[in-house]
Amino acid sequence: MDSSYFKGNRQRLYEMLEDNSLLVLFSGREVRKTNDEFYPFYTQRSFLYLTGLDGPELILLAAKDAAGSVSEKIFLQPADPMIERWNGRRIKADEAVAIGGLDAVDYVANFNTTLHRMATSGRYAHIYLDLFRQDPADRDTPAHLLLQRLGSDYPYLQVKNADALIRKLRLIKQPCEIEAIRHAERITAEGITAMMRGSKPGMYEYQYKALWDFALAQHGPQGSAFPSIISAGQNNFCIHYHGYTGQAKDGDMVLNDVGAWWDNLMTDVSRGWPCNGKFSPRQKLLYECALATSNHMFETIRPGMKMADVDGGIRAYNAQCLMDAGVLDKAEHIGKYMWHGGAHHVGYDVHDVVETPELVAPGMVFCVDVGIYHEEWGIGFRLEDNCLVTENGCENLSICTPRTIQQIEDTMRSGVHAVS
Ligand SMILES: [Mn+2]
């Protein structure tokens, strides 16, 4: 992404801040795994969305004055040849400019004095922090640690949650973000196609995963956007399964729920296929229900539709299909076969942190996910695609991954799939 993209994201956030306010955002800190090892560092997504800077212990400080004009500063880790010799390069001032368009640079060691000077200047009444937390019991983030200090040090500053504002921005995808998702969708298609082509009875889940990882690795070092779900047979009944130890036996279905990413924009695509390359009559029956439901949703979704009706529509239509197929007796019993919702947004996060919209609007990207779990038959799978809402309808961004029974069987038989 160009630096103008990140500048634009910040500009739109700054416009939403009240006058006389400060904004402090953190990239996050490394989490120790054991001894001298750390988990792979994962930059806080909204920080990345606003700065483009991917690294630990960086801080963005912005100040909006009484006239509404904004000054900003990025605090970096200082150059340190010895630390960088061991752990890799730190982001330098010229890179902060080139990547994020951040031309006022200081060092993290000076952050507290800078904040103190501004907080005590009498010019600011509010301070915005990104206080997103998935669970109140989650470990303290740097923002939460600062929050604890603000109450005692600067009780006159009113704390506001920047997360609520950033979510609004992240909800609607910009053209360059959609292009990045399209690119990632093509890589995802290659990875899933590789698993389909390599599939045969007796394969272990970790072998499918190896095919997926290998295909993605041809496109860069970034790998999967999130931990891949790849399962077979009975393991398909664990929705978020990450064991990779099971074996696909003849007659089993393989399920994947995976995604490549590009420029930090993610995809989230699920397919199910018979490991032996040929859908059984029961597998076909259930798969056709999921496919008909998904196709119906892509014909129906358009701006102005209630977001709740996307989820509800998936459920209701699939229930009807399953009743018509003689699988389900009553629509209200659909919970026996559908275990999860079907429409979450995708973007910088696979379950994107966005403002929950009431209505569908152009630029939204969310999943259309139809999962069917028939335990008595031993058949469980999901058909999950990524829906881009356009001006007058929608587009299936993941259409390039084999999706119909014909496409899947052809891909598995011929070993060739023309990626559109
Ligand atoms: Mn998924």
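Keep in mind it's a predicted model, so treat the numbers as computed, not measured.

A. Region of the structure containing the overall build of the protein chain. Across its full length, the protein chain holds 12 helices and 16 strands. Rg of the C-alpha trace for the protein chain: 24 Å, near the compact-globule value of 22 Å for 420 residues, within the 12% margin. Considering only contacts in the protein chain between residues 6 or more positions apart, those separated by 24 or more positions represent 68%.

B. Examining the domain arrangement of the protein chain more closely. Looking at the assigned domains, one finds that the protein chain contains domain 1 (3-170) and domain 2 (172-414). Taking the mean C-alpha position of each, domain 1 and domain 2 sit 35 Å from one another. Of all the secondary structure elements, the ones that give two or more residues to the side of domain 1 that touches domain 2 are α2 (45-51) and α7 (162-171). Class assignment of the residues belonging to the side of domain 1 that touches domain 2 gives a composition of four nonpolar, no polar and four charged.

C. Layout of the nonpolar core. One finds A184, W212 and C387 to be the most contacted residues of the largest nonpolar core, which totals 104 residues. Broken down by element, this core gets its largest block of residues, nine residues, from helix α8 (residues 175-198). Composition of this core by domain shows at least three residues from each of domain 1 (3-170) and domain 2 (172-414).

D. Spatial organisation of the sheet that holds strand β1 (residues 21-26). Taken together, six strands build an open sheet; the order of strands is β6-β5-β4-β1-β7-β8 and the sheet is mixed. Each having just a single partner strand, β6 (105-107) and β8 (158-161) make up the two edges of the open sheet. Sheet twist, expressed as the average angle between the axes of neighbouring strands with direction ignored, equals 25 degrees. Relative to β8, strand β7 (residues 126-129) runs parallel, the two sharing four bridges.

E. Quick look at the environment of L22. Along the polypeptide, L22 turns up in strand β1. For the pair formed by L22 and M118, sequence separation is 96 residues and the distance between their alpha carbons is 8.4 Å. Apart from residues no more than four positions distant in its own chain, L22 is found in contact with A63, M118, Y124, I127 and Y128.

F. Molecular detail of the packing of helix α10 (residues 281-300) against helix α11 (residues 307-324). In the contact formed by α10 and α11, the axes pass within 9 Å of each other and the chain directions differ by 140 degrees. Put simply, α10 runs oblique to α11. Relative to α11, α10 is oriented so that their crossing is right-handed. For the pair α10 and α11, contact is made by C289, A290, A292, T293, H296, M297 and T300 and by V310, G313, I314, Y317, N318, C321 and L322, respectively. Within the contact of α10 with α11, the residues separate by chemical class into nine nonpolar, five polar and no charged.

G. Inspection of the packing of helix α1 (residues 3-16) against α7 at higher detail. With their axes 10 Å apart at the nearest point, α1 and α7 run at an angle of 135 degrees to one another. Comparing the axis directions of α1 and α7 gives the class oblique. Helix-helix and strand crossings are classified by hand; for α1 and α7 the assignment is right-handed. On α7, the residues that touch N9, R12, L13 and M16 of α1 are L165, I166 and L169. Among the residues making up the contact of α1 with α7, the classes are represented as five nonpolar, one polar and one charged.

H. Seen up close, unusual backbone geometry. Notably, N20 is not glycine yet its phi reads approximately 60 degrees, a positive angle. Relative to the helices and strands, N20 resides in the loop between α1 and β1. With phi around 50 degrees, D263 is a residue other than glycine that occupies positive phi space. When you line up the elements, D263 lands in the loop between β11 (261-262) and β12 (265-266). C-beta crowding within 10 Å serves as the criterion here: with 16 such atoms nearby, D263 is assigned to the partly exposed category.

I. The arrangement of the pairing of strand β5 (residues 70-76) in detail. Across six bridges, strand β4 (residues 59-64) lies against β5 in antiparallel orientation. Residue I59 lies in a different strand from β5, and its bridge partner there is F75. Here β4 folds back onto β5 in antiparallel fashion, the turn holding five residues, of which G68 has a positive phi close to 90 degrees. One ladder, built from three bridges, connects β5 with β6; its direction is parallel. If you follow I74 over to β6, its bridge partner there is V105.

J. A look at the environment of M196. Positionally, M196 belongs in helix α8. The exposure class assigned to M196 is buried, which follows from the 27 C-beta atoms found within 10 Å. Linking M196 and N276, residues 80 residues apart in sequence, is a C-alpha distance of 9.7 Å. Residues in contact with M196, not counting those within four places in the same chain, are W273, P402, I408, T411 and M412.

K. Quick peek at the confidence of the model for the protein chain. Averaged over all residues, the pLDDT of the protein chain equals 96, while 99% of them reach at least 70. Below pLDDT 50 for its whole length, residues 416-420 participates in nine contacts with residues either more than four positions away or in separate chains.

Conventions adopted
Residues numbered from 1 in each chain as written. Predicted model: local features only at pLDDT ≥ 70, side-chain atom pairs only at ≥ 80, totals over all residues. Helix = DSSP H or I, 4+ residues; strand = E, 2+ residues; numbered from the N terminus. Rg over C-alpha atoms; globule rule 2.2 N^0.38 Å. Contact = placed C-beta atoms within 7 Å. Domains from an automatic or database assignment. Nonpolar A, V, L, I, M, F, W, Y, C, P; charged D, E, K, R; others polar. Core = buried A, V, L, I, M, F, W, Y, C linked by C-beta atoms within 7 Å. Buried ≥ 20, exposed ≤ 12 C-beta atoms within 10 Å, placed from the backbone. Pairing = 2+ DSSP bridges. Axes fitted to C-alpha atoms, helices over the stretch in contact; angles between N-to-C directions. Parallel < 35°, antiparallel > 145°, perpendicular 65-115°, else oblique. Left-handed = near helix turned anticlockwise from the far one by under 90°. pLDDT = per-residue confidence, 0-100.

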